[in-house]
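Now for the letters of each chain:
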Amino acid sequence: MVEKRVLNNKRNFLRAGFDEELKELESQVQNETRVISDTKKRSLDLENIITSLEAHYAEIADCTKQEVDQLNRKKIDALRQTSGQSKQKADKIKREMTFLKKSITELKTKLEVQQTKVKSKQQTSEETLEKDLKQEIGDDAEISGLEEELKKKRDSLTLQVPRLEASTCVI
């Protein structure tokens, strides 16, 4: 507790000293208003300044315009080159398409010719097959007729054999 009192007393002493010093400094400060008279006339040459600024900005504008024109020329040249390459590619593709169309037409023609040949051969084969079949049917009929005739001759021979035997026995 004693320490607390000692510290409070010290604080109060220092505060009193600071307050006195502050009052003394405030007494030394004075608010004064002074008016300064302008006896010299100053003339501002705004025309020269404005002309100088206009020239400076015109120079900047010209440089910027030249840079933009240069960039635009580069872009246009690049586009021309790209379009030229694209045109060459398109022409090449067009030639390839024309060649393919021509090849397709030729192949279709060849296919039609082959189909015609196949149909013709098929028809010829069918006609030949019909003729052969008719001939075989005719041959079968002829064979049947020959077989009939052979049977009749056998029968006739079979009948003549006993007569022949009888006539040979009689001799």
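The structure under discussion appears in the preceding block.
Throughout this document, residue positions are counted from 1 along each chain, in the order its sequence is written. For this predicted model, a pLDDT threshold of at least 70 governs which residues receive local features, and a threshold of 80 or more governs which side-chain atom pairs are given and counted, while totals over whole chains, interfaces and linings are taken from all residues. Side-chain measures here rest on the full set of heavy atoms in the structure, leaving out hydrogens and waters.

Honestly, the pattern of salt bridges in this entry has me stumped. Any pointers?
Side chains that differ in charge, positive against negative, can pair when their charged atoms come close. Salt bridges are identified by distance alone: a Lys or Arg side-chain nitrogen within 4 Å of an Asp or Glu carboxyl oxygen. A complete count under the given rule lists three salt bridges for this structure. Notably, a salt bridge pairs Arg-80 with Asp-77, separated by 3.9 Å at the nearest N-O pair. In this pair, Arg-80 and Asp-77 are both assigned in helix H2 (residues 46-170), three residues apart and thus about one turn of the helix distant. Buried means the residue's accessible area, taken with a 1.4 Å probe over protein chains only, is under 20% of the maximum for its type, while exposed means over 50%, and partly exposed covers the values in between. The class for Arg-80 is exposed, based on a relative accessible area of 58%. Between Asp-91 and Lys-87 there is a salt bridge; the shortest N-O distance is 3.3 Å. You can see Asp-91 and its partner Lys-87 sitting in helix H2, four residues apart, about one turn around the helix. You can call Asp-91 partly exposed: its relative accessible area is 29%. A run of H or I in DSSP becomes a helix once it reaches four residues, and a run of E becomes a strand once it reaches two; helices and strands are each numbered from the N terminus.

When you look at a nonpolar patch on the surface in this model, what are you seeing that I'm missing?
A surface patch of nonpolar side chains, about 570 Å² in accessible area, is lined by Leu-46, Ile-49, Ile-50, Leu-53, Tyr-57 and Ile-60. Structurally, Tyr-57 is set in helix H2. Overall, the relative accessible area of 54% leaves Tyr-57 in the exposed class. Two distance rules govern patches: like charges are joined within 9 Å, and nonpolar side chains (Val, Leu, Ile, Met, Phe, Trp, Tyr) within 5 Å, applied only to residues with over 30% relative accessible area and no salt bridge. Only the protein chains shown count as cover for residues, and the accessible areas themselves come from Shrake-Rupley with a 1.4 Å probe.

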